[in-house]
Amino acid sequence: MDLQLISLQLFSGIALGAILIMLALGLSIIFGILGVVNFAHGSFFMVGAYAGVFFLGYTGNFWWALLLAPLVVGVLGLGVERLLIRPLYGRPVDDPILLTFGLSYVLVEGVRILFGTDGVPFDTPAALRGVTNIGIGYFPTYRLFVIGVVAVVLVALWLVLEKTKVGLIVRAGARDPQIMRVLGVDIQKLWLVVFGIGIGLAALGGVLAAPMRTVNPEMGNFVLSEAFVVTVIGGMGSLLGSVVAGLLVGIVVNMTSLVAPEMATIAMFAFMALVLLVRPHGLFGKPGFGT
Amino acid sequence: MLEIRDLNAWYGPSHVVHGVSFAVRQGEVLALIGRNGAGKTTTIKSVMGLLDKVGGSVRFAGQELLPLPAHARFRMGLAYVPEDRRIVPDLTVRENLRLGLLQADSSIKESSATDQIAETFPRLKERLGQIAVTMSGGEQQMLAIARAMIARPKMILLDEPSEGIMPVLVEEMGRLFRALRDQGTTLLLVEQNVEWALNIADRAVIIDQGEVVFQADAATLAGDREIQERYCAV
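Analysis parameters
As a convention, each chain's residues are numbered from 1 in the sequence order in which they are written. By the order in which they are written, chains take letters starting at A while ligands take numbers starting at 1. Only residues with pLDDT of at least 70 get local features here, since the model is predicted, and only at 80 or more are side-chain atom pairs given and counted; chain-wide, interface and lining totals rely on the full set of residues. Contact criterion: two residues are in contact if their C-beta atoms, reconstructed from the backbone, are within 7 Å. In this description a helix means any DSSP run of H or I spanning at least four residues, a strand means any run of E spanning at least two, and both kinds are numbered starting from the N terminus. A pair of strands counts as paired when DSSP detects no fewer than two bridges linking them. As a rule, the C-alpha atoms of each element are fitted with a line to give its axis, helices using only the stretch in contact, and angles between N-to-C directions run from 0 to 180 degrees. UniProt positions are given in the numbering used here, feature names are shortened, and annotations may be inferred rather than shown by experiment. The split into domains, and so the bounds of each, comes from an automatic or database assignment of domains. Polar here means any residue outside two lists: the nonpolar Ala, Val, Leu, Ile, Met, Phe, Trp, Tyr, Cys and Pro, and the charged Asp, Glu, Lys and Arg; Gly therefore counts as polar.

## Notes on the interface of chain A and chain B
- If you look at the interface, chain A gives 14 residues, while chain B gives 17 residues.
- Put simply, the parts of the chain that give the side of chain A that touches chain B at least two residues each are helix 6 (165–175) and helix 7 (177–181) of chain A.
- For the side of chain A that touches chain B, the leading source of residues is helix 6 of chain A, giving six residues.

## Topic: the sheet that holds strand 9 (residues 203–208) of chain B
Residue and element names in this part refer to chain B.
- A sheet is described by the order of its strands in space; here six strands give the open sequence 6-7-8-3-9-10, paired in mixed fashion. Across the chains shown, the open sheet's two edge strands, defined by having one partner strand only, are strand 6 (78–81) and strand 10 (211–217). Averaged over all pairs of adjacent strands, the angle between their axes in this sheet comes to 15°, without regard to strand direction.
- The pairing of strand 6 with strand 7 (residues 155–159) spans four bridges and is parallel. Its bridge partner being in strand 7, Val-81 is matched across the sheet by Leu-158.

## Let's talk about the UniProt feature "transmembrane region" (unreviewed entry) in chain A
Residue and element names in this part refer to chain A.
- Mapped onto this structure's residue numbering, the UniProt feature "transmembrane region" (unreviewed entry) falls at residues 6–26, 33–56, 62–85, 97–115, 142–161, 190–208, 228–251 and 258–278.
- Secondary structure across residues 97–115 comprises 100% helix and 0% strand; the distance between its end C-alpha atoms is 27 Å.
- The span residues 142–161 carries 100% helix and 0% strand; its end-to-end C-alpha distance comes to 28 Å.

## Description of the domain arrangement of chain B
All names here are of chain B.
- The domains assigned to chain B are domain 1 (1–77 + 154–234) and domain 2 (86–152).
- A separation of 23 Å is found between the C-alpha centroids of domain 1 and domain 2.
- Contacts between the two partners involve 10 residues from domain 1 and, on the opposite side, eight residues from domain 2.
- Of all the elements in the fold, those that place two or more residues in the side of domain 1 that touches domain 2 are helix 2 (70–75) and helix 7 (167–182).
- Top contributing element to the side of domain 1 that touches domain 2 by residue count: helix 7, with three residues.
- When its residues are assigned to classes, the side of domain 1 that touches domain 2 shows eight nonpolar, one polar and one charged.

Laid out in structure tokens, this is it:
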């Protein structure tokens, strides 16, 4: 096993991590601000991939699909928050869990009815096929593209969070949503927007992942547990934690599969256990957060 | 300015405030005093809109507040400094001040408002870039007050601002409250530090077991040891 193979596998890990980051960010921010553990997050990822399939078929253009799928699924997220989750605020934490858990089944069944139970193909766009020399060897161009898109999204998110009024509200609201009310912030509006953005990010992850794996109604199931592992490692509610942990989990899974593919999933959970032993609140988590 | 009539409030299942009525006049400091657990905090939380179950009437600047959510009350010019301060710990002092300006009148410019606050609170001026939680308790209290006043509210509700603060800062705070009043801001000051509160306030209301038991000019009450002993002695 040579160094080149290892570095390419490392890069693959980053591409996987990039997808996980898209999911974990939404999970983490929704938990941090709304206090809702969204068990339907993986299903929105899957719906995002199918929305991508639909818009690709409709417009014949990958770029439109990449843009429209997250927007449309994000709007669906707004509707879900407004109609289904809002009535549950102030109730015990299990209630939204049960609701989103059930919703995930509804979404999966809905997609089965509309698109069938078999997987559907999602072709890599022509411009992004093939491989690119990245100095250490040849690497699939599409995966480079995924890493690039996620990097751009992260920079944009960071700018919004650090430099804008909305960003300040989100950062402060993640720490203390109650005090925001007496500073004049309509917290319900904040919850709505945050949920919509979180779902939009999951859907973007779904479209980006579509050419790399099969698009089928169950594609959100396993990725949800991976995303949960990422948020737990990073620290629930910490966005920086989601990014760092996403990359680490992607790398751990890919490096393990280089030596022992059947151990990849176990390695991920073992890594989580290890992190929690050293830092019980995750890498960037804070004690008592979200309680 | 603020008229509370027959206010009843519940904290969880317990009925804490029983038919409280009093008014705060425009431009005065009213001290709301009484023992621990008398219902002082519950009363101002009801005014700010932070409790689930409240009955009666609370009018602010002529408008009924009780049907309105907390954020709408803030936007009417009602600010609040909670007992536990609730500054956002991992934001900087400047960012915490900015939170106070989120819904402010657009005529208030952030830079000049921050400058003005820095002038009023020299201790905060040196610490604008510092993470809020690294400051002392007194400084955090000053920040919570600064955050409440930066958008120039008509009235500020203060819940035990002197609690756990060193005496020098408490004196400083007293001067600040009087200065605010002289500029036309109305203050409702909930306090356990009776002597200090009566020294600052124009009038005082005493509540005991969720009911108003006495109201008078602060100076009158300051001279009435017997009433103070009866309702405020720990």
